[in-house]
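The chain contents come next:
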Amino acid sequence: MLFWIIALALCAVVALAIAAPLRRRDAAPTDDADLAFYRGQIAEIEADRTRGLIGAEEAERARAEIGRRLIAADRAARSPDRQAQGPALPAMLLGAVVVVGGAMALYAHLGAPGRGDAPLADRLAMARELRGARPSQTEAEAAAPAMPVNAPQEYVDMVEQLRVAVPDRPDDLTGWQLLSRHEAALGNYAAAARAQERVIEIKGEAADLDDRVALIDRMVAATGGIVTPESEALLTELLDERSDAAGPLYYMGLLQAQVERPDLAFRYWKRAVELGDPASPHVELARTQIGRVAALAGVDYAPPARSGPSAADIAAAQDMDPTAREEMIRGMVDNLAARLAESGGAATDWARLIGALGVLGDTARAEAIWGEAQQVFAGTPDLDRIRAAAREAGVAQ
């Protein structure tokens, strides 16, 4: 209530300050200025006549004209109609409505009506409480909703065979890798995380950044998106080794956003966007969410533009002969295929690759990529997008 009293009082003060000139009943200041101007002109004429710059007859005519204007201005200043001007009530009311109503409308849109004061110390304390109250990985996995299975029965049966066969071969690296990948494809992220843990155990010191980021991907997915203390510990280790790694930067930013620290989330996601590979799905996730945390942190930020061919490159391609243009396109397709084979990519990249191969008439490669995509994205909505591209390329029913 105190806030609203102060806000209304300030609005009233501003409205009165705007209305004050409208209440002025006498226009004397402006009229006095006119009278002073004419008197100054008469003095100048007299000075010019004394110096001999104008003749006596010419000075008399000019003095008479200015005197006439001086009398008219004095008469206007003393006019009863001029002095009886009252306050411009409609203008005053309009000003009050604009000031008070506009302020309330802006606060309703930009502010938080009904929310109590939140000093910085209290907000930091709340962030620490939220961080400390996070569930463990086991608790979060148990509370996460089950993912519906949306995959062909043949595929489900194949994964079931892996579940039975792989544990009997504890050191079979390929088997555990396949199990981790296909459990994730079916939405069984907790099981996929356990399998990925076994992959890292088998690899030992040979386990690389991608292996451990894949584990965190599955751990966070298994909790419904919560970055647990166990995930945070792994992220800290990874960032100690690679401070520019996009995956750990994204998940650490996600953690800060979840504990109401948008300022720290912005710092992590800014590094991910500006230092990470634009083709990385973690960079894309950071890019799509950084605007919200930047606004909450009070930062005006626009992520750098995505790299791509410039208008000049496109224009140059149009002028190429068909053979050179096809070679250029094949080079771009080969680069995209190599990147997907090495580090994976988003469903849009797979769809684009299949579509490009279809345009080039390389249906054999397009069909092979489509077959691999069905395994990687089985049971996910992304598969429908890739299937549409495969149909366009003529390699899917």
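Please read all numbers here as calculations on a predicted model, not as lab measurements. (Residues numbered from 1 in each chain as written. Predicted model: local features only at pLDDT ≥ 70, side-chain atom pairs only at ≥ 80, totals over all residues. Heavy atoms only, no water.)

Next up on the list: the side chain of glutamine 196. Relative to the elements of secondary structure, glutamine 196 occurs in helix 10 (residues 189-203). Side-chain polar atoms of glutamine 196 contact the backbone oxygen of aspartate 211, separated by 3.1 Å. Excluding anything up to four places from it in sequence, glutamine 196 contacts Ser180, Asp211, Ala214, Leu215 and Arg218. (Helix = DSSP H or I, 4+ residues; strand = E, 2+ residues; numbered from the N terminus. Polar contact = N/O pair within 3.5 Å; in protein donor to acceptor, adjacent residues only side chain to side chain. Contact = heavy atoms within 4.5 Å.)

Enumeration over the complete set of coordinates arrives at three aromatic pairs. Their ring planes at 15° and their centres at 5.7 Å tell us that tyrosine 250 and tryptophan 269 sit as a pair that is stacked. Of this pair, tyrosine 250 sits in helix 13 (residues 246-258) while tryptophan 269 is found in helix 14 (residues 262-275), placing the two residues 19 residues apart along the sequence. Like tyrosine 250, the residue tryptophan 269 is buried in the burial classification. (Phe/Tyr/Trp six-rings, centres within 6.5 Å; stacked < 30°, edge-to-face > 60°. Buried < 20%, exposed > 50% of the residue type's maximum accessible area, 1.4 Å probe, protein only.)

Per the stated rule, a full pass over the model turns up 15 salt bridges. Residue glutamate 160 is joined to arginine 163 by a salt bridge in which the shortest nitrogen-to-oxygen separation is 2.9 Å. With a gap of three residues between them, glutamate 160 and arginine 163 both fall in helix 8 (residues 153-165), about one helical turn apart. Residue classification places glutamate 160 among the partly exposed positions, given a relative accessible area of 38%. Two residues, aspartate 171 and arginine 198, come together in a salt bridge whose shortest N-O distance is 2.9 Å. Note that aspartate 171 is positioned in the loop between helix 8 and helix 9 (173-185) and arginine 198 in helix 10, a separation of 27 residues in sequence. Note on arginine 198: relative accessible area 21%, which makes it partly exposed. One network of salt bridges, with partners in common, ties together Arg131, Arg134 and Glu232. (Salt bridge = Lys/Arg side-chain N within 4 Å of Asp/Glu carboxyl O.)

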